[in-house]
Amino acid sequence: MTKVTEPQFIESTAGQVAAELARRGVAPDQRVTITIEPDEPDDWITKARNFARPKVIAEGWSDADIDRIIEEERKAVQHLLG
């Protein structure tokens, strides 16, 4: 298998993790990280952030940068609403 240079994200069920990794050619002794997520994100912002986070990190931005921009835009909208 070719060495992966950046993280890959796989969505699966707990019962299918080993089979999915084997299907992708991941060796049983290869290091992997597994994240256990709730059934559904609390809101669309959480789901969008989870999707965008790897792309944002690749561009050199942090969660703090995202939070700052969201707060700036929230204040701008509130100002327009009166």
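Residues numbered from 1 in each chain as written. Predicted model: local features only at pLDDT ≥ 70, side-chain atom pairs only at ≥ 80, totals over all residues. Heavy atoms only, no water.

Participant: Can you break down the environment of Pro54 residue by residue, with the values?
Facilitator: Assignment of secondary structure puts Pro54 in helix H2 (residues 44-58). In sequence terms Pro54 and Glu6 are 48 residues apart; their C-alpha atoms lie 9.8 Å from each other. (Helix = DSSP H or I, 4+ residues; strand = E, 2+ residues; numbered from the N terminus.)

Participant: Hey, could you go over the pattern of salt bridges for me, with residue numbers and the actual values?
Facilitator: Considering all chains together, one arrives at six salt bridges under this definition. Across the salt bridge formed by Glu20 and Arg24, the nearest N and O atoms sit 2.5 Å from each other. Assessed through its relative accessible area of 17%, Glu20 is described here as buried. Note on Arg24: relative accessible area 36%, which makes it partly exposed. One salt bridge connects Asp63 with Arg53, and the closest N-O pair in it is separated by 3.2 Å. Of the two residues, Asp63 is situated in helix H3 (residues 63-81) and Arg53 in helix H2; the sequence distance between them amounts to 10 residues. Residue Arg53 is classed as partly exposed on the basis of its relative accessible area, which comes to 37%. (Salt bridge = Lys/Arg side-chain N within 4 Å of Asp/Glu carboxyl O. Buried < 20%, exposed > 50% of the residue type's maximum accessible area, 1.4 Å probe, protein only.)

Participant: Which residues make up the packing of H2 against H3, and what values do they have?
Facilitator: Each pair of packed helices can be summarised by the angle the axes make with each other and by the distance between the axes. With their axes 11 Å apart at the nearest point, H2 and H3 run at an angle of 120 degrees to one another. If you check the angle between H2 and H3, you find them oblique. The chirality of how H2 crosses H3 is right-handed. Mapping the contact onto sequence places Arg49, Arg53 and Val56 in H2 and Asp63, Ile66 and Asp67 in H3. Classifying every residue of the contact of H2 with H3 by side-chain character gives two nonpolar, no polar and four charged. (Axes fitted to C-alpha atoms, helices over the stretch in contact; angles between N-to-C directions. Parallel < 35°, antiparallel > 145°, perpendicular 65-115°, else oblique. Left-handed = near helix turned anticlockwise from the far one by under 90°. Contact = heavy atoms within 4.5 Å. Nonpolar A, V, L, I, M, F, W, Y, C, P; charged D, E, K, R; others polar.)

Participant: I'd like a description of the confidence of the model for the protein, backed by residues and values.
Facilitator: Caution is warranted with low-pLDDT regions, since their predicted coordinates should not be read in detail. Averaged over all residues, the pLDDT of the protein equals 83, while 87% of them reach at least 70. Ranking the helices and strands of the protein by mean pLDDT puts helix H1 (residues 17-23) first, with 92, and H2 last, with 82. (pLDDT = per-residue confidence, 0-100.)

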